[in-house]
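Residue-level structure breakdown
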Amino acid sequence: MEQEVLRVRYHSDKMERLDYIAGKSDWIDLRSAENVTLKKGEFRLISLGVSMQLPRGYEAVIVPRSSTYKNFGIIQTNHMGVIDETYCGDNDVWMMPALAVRDTQIHVNDRICQFRILRHQPRLVFEETDCLGNPDRGGLGSTGKQ
């Protein structure tokens, strides 16, 4: 399997180090680097306590974990964060923009989001046409409906 190197700077010695959860996924959990108390309706950029140098030609995609809403009552306000390889300075700290939908507390090392890296999209050429020549599927939200 191909391997890439991600150089990681941790901003706290209290942070658990990045690692895969063995046998479960190729997404990597990110943790809160700070204790956070939020009231319902409050917004906060939550520090994830890391800065990284991604491999050339890659970007990172950050999304909430499936349990984040249930466990912490927060939603990621940009729904999906994208970090390109130029965001790689010592103080380019990764953050999660969070909105509390209930009063909540998040502690250092709570797993609140996850990331993976992807190669940059190739350069696209847009070709205009009057007909795509494919069958219609039935409209948005039609999968699985008879």
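Look a little higher up for the structure.
The paragraphs below set out a description of the structure included in this document.

1. Examining the sheet that holds strand 4 (residues 43–47)
Sheet architecture is open: 3 strands sit in the order 4-9-7, paired in antiparallel fashion. With one partner strand each, in any of the chains shown, strand 4 and strand 7 (74–76) form the two edges of the open sheet. Across the sheet, the mean angle separating the axes of adjacent strands is 40° when strand polarity is ignored. Across 5 bridges, strand 4 lies against strand 9 (residues 95–100) in antiparallel orientation. Note that in strand 9 the partner of L45 across the bridge is P97.

2. Examining the pattern of salt bridges
With the rule as written, the count across this model stands at 5 salt bridges. A salt bridge links R31 to E16; the shortest N-O distance between them is 3.4 Å. With a gap of 15 residues between them, R31 in strand 2 (residues 28–31) and E16 in the loop between strand 1 (7–10) and strand 2 connect regions that are remote in the sequence. In this structure, the salt-bridge partner of D26 is R116, at a minimum N-O distance of 2.7 Å. Here the residue D26 occupies a position in the loop between strand 1 and strand 2, and R116 occupies one in strand 11 (residues 111–119), the gap between them amounting to 90 residues. A relative accessible area of 24% means that R116 is categorised as partly exposed.

Cut-offs applied
Residues numbered from 1 in each chain as written. Predicted model: local features only at pLDDT ≥ 70, side-chain atom pairs only at ≥ 80, totals over all residues. Heavy atoms only, no water. Pairing = 2+ DSSP bridges. Helix = DSSP H or I, 4+ residues; strand = E, 2+ residues; numbered from the N terminus. Axes fitted to C-alpha atoms, helices over the stretch in contact; angles between N-to-C directions. Salt bridge = Lys/Arg side-chain N within 4 Å of Asp/Glu carboxyl O. Buried < 20%, exposed > 50% of the residue type's maximum accessible area, 1.4 Å probe, protein only.

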